[in-house]
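Structural overview for review
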Amino acid sequence: MSHQSINNPVINNLIGLSRHHCTQALSNQGVDSIEFGHWLAIPSQRLLLVFRHQQCVAIDEYQLAA
């Protein structure tokens, strides 16, 4: 899913930020996140922030496994 169709301005503004700044921005808004590999998961939104060279380059939705 394109990050432009996500109806959350806080999350949309994370594109281009460093992993540290993304984590800090989410924490400041009271949004829990989980760091792993090249991703930062936001379970409450079912979103993954994708990082390349420590910079957020994409936001994708995910579904829970059955």
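If you're wondering where the values come from, they're calculated on a predicted model, not measured in any experiment.

**A closer look at the nonpolar core**
Residues I11, L14, C22, L26, V31, L40, I42, L47, L49, F51, C56 and I59 constitute the largest nonpolar core, which totals twelve residues. Looking at this core, the elements with two or more residues in it are α2 (19-28), β2 (39-42), β3 (47-52) and β4 (55-61). Ranked by the residues each element gives to this core, the list is headed by β3, at three residues. In contact with I42, not counting residues within four places along its chain, are I11, L26, V31, D32, L47, L49 and Y62.

**Quick word on the pairing of β4**
Put simply, side chains in a regular strand alternate between the two faces of the sheet. As paired strands, β3 and β4 are joined by six bridges and run antiparallel to one another. From the neighbouring strand, L47 faces β4, where its bridge partner is E61. The turn joining β3 and β4, which pair antiparallel and follow one another in sequence, is formed by two residues; a positive phi near 55° is taken by H53.

**Considerations on the sheet that holds β3**
Strands sit in the order β1-β2-β3-β4 across an open sheet of four strands; the sheet is antiparallel. Of all strands in the sheet, those with a lone pairing partner are β1 (34-36) and β4, marking the two edges. Direction aside, the axes of adjacent strands within the sheet are offset by 25° on average. The pairing of β1 with β2 spans three bridges and is antiparallel. Its bridge partner being in β2, E35 is matched across the sheet by L40. Strands in contact with α2 are β1, β2, β3 and β4; relative to β2, the strand with the most contacts, it is inclined by about 10°.

Criteria and cut-off values
- Residues numbered from 1 in each chain as written.
- Predicted model: local features only at pLDDT ≥ 70, side-chain atom pairs only at ≥ 80, totals over all residues.
- Heavy atoms only, no water.
- Core = buried A, V, L, I, M, F, W, Y, C linked by side-chain atoms within 4.5 Å.
- Buried < 20%, exposed > 50% of the residue type's maximum accessible area, 1.4 Å probe, protein only.
- Helix = DSSP H or I, 4+ residues; strand = E, 2+ residues; numbered from the N terminus.
- Contact = heavy atoms within 4.5 Å.
- Pairing = 2+ DSSP bridges.
- Axes fitted to C-alpha atoms, helices over the stretch in contact; angles between N-to-C directions.

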